[in-house]
Amino acid sequence: MLILARKTDEKILIGEDIKITIIEIHGDQVKIGIEAPKNVKVFRQEVFNAIQKENQAAAAGTETLDTLSRLLKR
């Protein structure tokens, strides 16, 4: 993990096409802006985790539906 200290309006570059800008620092909250190509998905970690959990639940549900469908065809 790389740890950097930045001030308001300072930027961090990731590769050549992802730019992170420190927008505002207020107490223990930091607002950042992220510029990235449209093909790069940017998520907050908790949102990404929720998406993963929903995908896993949906996949488990699909398997159950497939099994039920096979049983009904007999």
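Whatever comes next refers back to the structure up there.
This report concerns the structure included in the present document. (Residues numbered from 1 in each chain as written. Predicted model: local features only at pLDDT ≥ 70, side-chain atom pairs only at ≥ 80, totals over all residues. Heavy atoms only, no water.)

Bridge analysis of strand β1 (residues 11-14) against strand β2 (residues 18-26) gives four bridges, and the strand direction is antiparallel. Among the inter-strand pairings, Ile-12 is bridged to a residue of β2, identified as Ile-20. Hairpin connection from β1 to β2: three residues lie between these consecutive antiparallel strands, with Gly-15 at a positive phi of about 65°. Bridge count between β2 and strand β3 (residues 29-35): seven bridges; the pairing is antiparallel. Paired with Thr-21 across the strands is Gly-33, a residue of β3. (Pairing = 2+ DSSP bridges. Helix = DSSP H or I, 4+ residues; strand = E, 2+ residues; numbered from the N terminus.)

Residues Ile-25, Val-30, Ile-32, Ile-34, Val-40 and Val-42 make up a contiguous nonpolar surface patch of about 470 Å² in total accessible area. Sort the elements by how many residues they give to the nonpolar patch and β3 lands first, with three residues. Here Val-40 shows up in the loop between β3 and α1 (45-73). The exposure class of Val-40 is partly exposed, given its relative accessible area of 31%. (Patch = residues over 30% accessible without salt bridge, like charges linked within 9 Å, V, L, I, M, F, W, Y side chains within 5 Å. Areas by Shrake-Rupley, 256 points an atom, 1.4 Å probe, with all protein chains shown as cover. Salt bridge = Lys/Arg side-chain N within 4 Å of Asp/Glu carboxyl O. Buried < 20%, exposed > 50% of the residue type's maximum accessible area, 1.4 Å probe, protein only.)

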